[in-house]
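One-letter residues, chain by chain:
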Amino acid sequence: MLINRKYIMAITGLFLCIFLIVHLSANFLLLLPNNLAKEAYNTYSHLLRNNPLISAVSILLYLAIIFHSVMALIITLDNKKAKPQKYFMNYAQQNSSWNSRNMGLLGLMILIFIIVHMANFWAKVKLGYGPELPIDSKGQIDIYSVVVTTLKNPFITLFYTILSIPLAMHLHHGVQSAAKTLGLYHKRYLKYVALIATFYSCVMGLGFGLIPLYIYFFSQG
Ligand code: HEM
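Quick caveat, the model's predicted, so the values are computed rather than measured. (Residues numbered from 1 in each chain as written. Predicted model: local features only at pLDDT ≥ 70, side-chain atom pairs only at ≥ 80, totals over all residues.)

Colleague: Requested: an account of the site of the ligand, with residues and values cited.
Modeller: Taken together, 22 residues lie around the ligand, and Ser 45, Ser 58, Phe 121, Val 125 and Ile 211 are the ones closest in. For the shell around the ligand, the secondary-structure elements that each account for two or more residues are helix H1 (2-27), helix H2 (34-49), helix H3 (52-82), helix H6 (103-126), helix H7 (143-151), helix H8 (154-181) and helix H9 (187-218). Sorting elements by how many residues they give to the shell around the ligand places H6 first, with 8 residues. (Near = placed C-beta within 6 Å. Helix = DSSP H or I, 4+ residues; strand = E, 2+ residues; numbered from the N terminus.)

Shown next as structure tokens:
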């Protein structure tokens, strides 16, 4: 049963990693000069919202977030129950990284980020929550202005930038852990997996951390 749970964690985790690559690539559009960024980001967002295939993938995405979180909670609780008594020598500190020992805490921080983030944008665009959304010259929802207005709030920008650190830490261990669960045990491959994990987590952390700062200082809705 534990094996199945680990597989679900690995597969949903890798799916979420792919989503993050696509999501960060789209958010790089926000770095274009203001007018270009507005047109490109609004058109991209409009195309996504009106594509039934993407809507189906979005449902898979929500399910992946839920399954990944619930499995993580179950595994953490099981591990707590199975922990050796305190009086045994515990070499965990020497044998594992801080990230690997705190995946639950890092994951919880990301989950809190996702909930706040969904309230910031997704709930407004998809559920129509809050005041009426601005419309651009093409008659599309002006999601670019919504993002810029939201990130002009220094507390929200700080929250996004700070939370990109636990995101990077979680991804750094998560990618390596998923690779091992899916059968990549050989030392030679694990070396490459570690390199990929370092590169991937740095790009995601820096990208998601710096874009809000760029918007806060330079963009205009
Ligand atoms: C620079 C930082 C980010 C910006 C500006 C941003 C922007 C957005 C926007 C505007 C939407 C709504 C899109 C729409 O419905 O048209 C969205 C959706 C979403 N974002 Fe982000 N995002 C950022 C970082 C993140 C991060 C770090 C995560 C995950 C850890 C994340 C997870 C999601 C998810 C799960 C959705 C819902 C996607 C869907 O409904 O298909 N975002 N984001």
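Additional details are given in the paragraphs that follow.
Colleague: Outline the packing of H7 against H9, supporting the account with residue identities and numerical values.
Modeller: Remark: H7 packs on H9, axes separated minimally by 9 Å, with the N-to-C direction vectors making an angle of 85 degrees. With respect to H9, the element H7 is oriented roughly perpendicular. Residues Val 147, Val 148 and Leu 151 of H7 form the contact with H9, whose own contacting residues are Pro 212, Ile 215 and Tyr 216. Residue composition of the contact of H7 with H9, grouped by class: 6 nonpolar, no polar and no charged. (Axes fitted to C-alpha atoms, helices over the stretch in contact; angles between N-to-C directions. Parallel < 35°, antiparallel > 145°, perpendicular 65-115°, else oblique. Contact = placed C-beta atoms within 7 Å. Nonpolar A, V, L, I, M, F, W, Y, C, P; charged D, E, K, R; others polar.)

Colleague: For the packing of H8 against H9, give the residues involved together with the corresponding values.
Modeller: To characterise two packed helices, one gives the angle between the axes of the helices and the distance between these axes. Viewed as axis vectors pointing N to C, H8 and H9 meet at an angle of 170 degrees, and their least axial separation amounts to 8 Å. Comparing their axes, H9 and H8 come out roughly antiparallel. Looking at the contact of H8 with H9 residue by residue, the classes come out as 19 nonpolar, 9 polar and no charged.

Colleague: Could you give me a rundown of the nonpolar core, with the residues and numbers involved?
Modeller: Judged by nonpolar contacts, the single largest core of 28 residues is most densely connected at Leu 30, Tyr 144, Val 147, Leu 167 and Ile 215. Mapped by element, the contributors of at least two residues to this core are H1, H2, H6, H7, H8 and H9. Considering every element that reaches this core, the biggest residue donor is H8, with 9 residues. Beyond its immediate stretch of four places on either side in the chain, Leu 30 contacts Ala 37, Tyr 41, Val 147, Ile 211 and Ile 215. (Core = buried A, V, L, I, M, F, W, Y, C linked by C-beta atoms within 7 Å. Buried ≥ 20, exposed ≤ 12 C-beta atoms within 10 Å, placed from the backbone.)

Keep in mind these numbers describe shape, not what the thing actually does.
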